[in-house]
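Examination of the molecular architecture
Each chain, letter by letter, is given below.
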Amino acid sequence: MANIRTLTWYFYKPILAWNIGFSISAIFYILVYGPRVTGFMFFWKAVGYASTIFLQSYSAKNVYMYYRNAGYSIKRMYTYALAFDIAIFILMLFILFTALHFFAPHYVYTKGR
Amino acid sequence: MYTLRADSIELTFDGRKILQDVHLSCKQGEVIGLLGRNGCGKSSLLKIIFGTLNAAHRYVGIDDKFIHKGYHNNRIAYLPQHNYLPTNIRIDKLARLLVDPLSWDDFAGLPIYQRYFNKTAGQVSGGELRQLETMMIIHSRADFILLDEPFTHISPIQADEFKPVIRACAKRKGIIVTDHQYYNILEVSDKVILLKDGCTKHITNNEELITYGYISGI
């Protein structure tokens, strides 16, 4: 079977910008409204994933055959790629909350008060 | 040596039976030519064997062991009619993940690969991309290869280059090939199967293709 890490990267590359966009917008909302919207931002990320799958199925379905010929199902490729993306998002959240804790402990959320 | 067997396949579209009495087996070391008119279900049959099309009933097995999805664990590879390579990645990087390491030297020595290995699929012309994609599938890790119209969209000279490669590959793999260029199929195949009215007819003499109304003369 082909190298799954490389295959996952090739599969993730075309959807990276779209999903990073969802991650950055989620981080922005957390900065504005505070940590209490973090749960909702995971839902926002799920919307990003649903739209990714829809757009890929519509515009890039032909390349699915490449991954199947490498021995992997498309469900599996999405699982690996989206798990990688959610790991990046969690890392971004961790960095954000750590930075706020150390550098701006009295940061006041401006909205929703 | 493994044997691929497809049996009891029944496929219906909008109440119309496309496939109903299909029996097909392919051993490693054998090339099976699959012929049939437009819309008779040749591509559908290959997709069912590969595992990307669901049929009402189907049995697909290798050495009498049922396989749910042909592509799992590189048992079966499939060349679709459309282009399938991602367009934004270099061809050599894509090929390394698909091509069998045992066949790498043969593949890397192909003139078409030598010309375009450092380009992306988007930078290669349609016919040449088709040739590259076909070669990647033929040299892939799979035990069985399904080729859906490999001779279409390429020039006659390129088709002539394919045939010895298919024959050489068939020493290690089982190959099922379908195309409308029946003369190429007859030339490259050990056995020929005609799909007619949803049923497989095992052709023992090329004259039967006239009898079944597939061609008017040889």
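Residues numbered from 1 in each chain as written. Chains lettered and ligands numbered in written order. Predicted model: local features only at pLDDT ≥ 70, side-chain atom pairs only at ≥ 80, totals over all residues. Heavy atoms only, no water.

Check the secondary structure of chain B and you find eight helices and 10 strands. For 218 residues, the compact-globule estimate of 2.2 N^0.38 gives 17 Å, and chain B sits close to it at 17 Å. Judged by the C-alpha coordinates and their principal axes, chain B covers about 45 × 40 × 35 Å. In chain B, which comprises 218 residues, the proportion classed as buried is 56%. For chain B, the accessible area works out to roughly 9,600 Å², and carbon and sulfur atoms hold 47% of it. (Helix = DSSP H or I, 4+ residues; strand = E, 2+ residues; numbered from the N terminus. Rg over C-alpha atoms; globule rule 2.2 N^0.38 Å. Buried < 20%, exposed > 50% of the residue type's maximum accessible area, 1.4 Å probe, protein only. Areas by Shrake-Rupley, 256 points an atom, 1.4 Å probe, with all protein chains shown as cover.)

This paragraph deals with the interface of chain B and chain A. Listed by partner, the interface residues are 23 residues for chain B and 19 residues for chain A. Across the chain B to chain A interface the summed buried area is about 1,800 Å²; carbon plus sulfur atoms make up 63%. The largest per-residue losses of area from chain B upon contact with chain A belong to Tyr-71, Asn-74 and Leu-97 of chain B, which jointly make up 29% of the total buried on that side. The interface formed by chain B and chain A contains zero salt bridges. Listing elements by their share of the side of chain B that touches chain A, those giving two or more residues are strand 6 (76–79) and helix 2 (91–98) of chain B. At four residues, helix 2 of chain B tops the list of elements feeding residues into the side of chain B that touches chain A. Here the residues of the side of chain B that touches chain A sort into 14 nonpolar, seven polar and two charged. (Contact = heavy atoms within 4.5 Å. Buried area = accessible area lost by both parts, 1.4 Å probe. Salt bridge = Lys/Arg side-chain N within 4 Å of Asp/Glu carboxyl O. Nonpolar A, V, L, I, M, F, W, Y, C, P; charged D, E, K, R; others polar.)

So, on to the UniProt feature "transmembrane region" (unreviewed entry) in chain A. All names here are of chain A. In this numbering, the UniProt entry assigns the feature "transmembrane region" (unreviewed entry) to residues 15–33, 40–58 and 78–104. The straight-line gap between the two end C-alpha atoms of residues 15–33 is 27 Å; of that span, 100% is helix and 0% is strand. The span residues 40–58 carries 100% helix and 0% strand; its end-to-end C-alpha distance comes to 27 Å. (UniProt positions renumbered as here; feature names shortened; annotations may be inferred.)

Attention now goes to the packing of aromatic side chains. All names here are of chain A. For the coordinates displayed, the defined rule picks out 23 aromatic pairs over all chains. Look at Phe-11 and Tyr-67: their rings are 5.0 Å apart centre to centre, the planes differ by 85°, and that puts the pair in the edge-to-face class. One end of the pair, Phe-11, is in helix 1 (residues 4–33); the other, Tyr-67, is in helix 3 (residues 64–69), with 56 residues separating them in the sequence. You can call Phe-11 buried: its relative accessible area is 3%. Residue class for Tyr-67 comes out buried when judged on its relative accessible area of 2%. (Phe/Tyr/Trp six-rings, centres within 6.5 Å; stacked < 30°, edge-to-face > 60°.)

Before going further, it helps to examine the side chain of Gln-131 of chain B. The residue Gln-131 of chain B is located in helix 5 (residues 126–138) in this model. Every residue in contact with Gln-131 of chain B, bar those within four places of it in the chain, is listed here: Ile-112, Gln-158, Glu-161 and Phe-162 of chain B.

What follows covers a nonpolar patch on the surface. A cluster of nonpolar side chains, contributed by Trp-18, Phe-54 and Leu-55 of chain A, occupies part of the molecular surface with about 330 Å² of accessible area. Of the residues examined, Trp-18 of chain A reaches a relative accessible area of 41% and is grouped as partly exposed. (Patch = residues over 30% accessible without salt bridge, like charges linked within 9 Å, V, L, I, M, F, W, Y side chains within 5 Å.)

Its location among the elements puts Leu-34 of chain B in strand 3 (residues 31–36). Beyond its immediate stretch of four places on either side in the chain, Leu-34 of chain B contacts Leu-24, Lys-42, Leu-45, Leu-46, Ile-176, Val-177, Thr-178, Asp-179, Ile-185, Ile-193 and Leu-195 of chain B.

The next thing to look at is the pairing of strand 3 of chain B. Residue and element names in this part refer to chain B. By the criterion of burial, strand 3 is predominantly enclosed, with six of the six residues buried. By the alternation rule, side chains of strand 3 split into Val-31, Gly-33 and Leu-35 and Ile-32, Leu-34 and Gly-36, which are all buried. Relative to strand 8 (residues 174–178), strand 3 runs parallel, the two being bridged by four bridges. Directly across from Gly-33, in strand 8, lies its bridge partner Val-177. (Pairing = 2+ DSSP bridges.)

All right, on to the pattern of salt bridges then. Residue and element names in this part refer to chain B. Within the structure shown, the criterion is met by nine salt bridges over all chains. Between Asp-190 and Arg-167 there is a salt bridge, with its nearest N and O atoms 3.2 Å apart. With a gap of 23 residues between them, Asp-190 in the loop between helix 7 (182–188) and strand 9 (191–196) and Arg-167 in helix 6 (residues 156–169) connect regions that are remote in the sequence. With relative accessibility at 42%, the residue Asp-190 sits in the partly exposed group. Within the structure, one salt-bridge network assembled from shared partners comprises Arg-5, Asp-7 and Asp-64.

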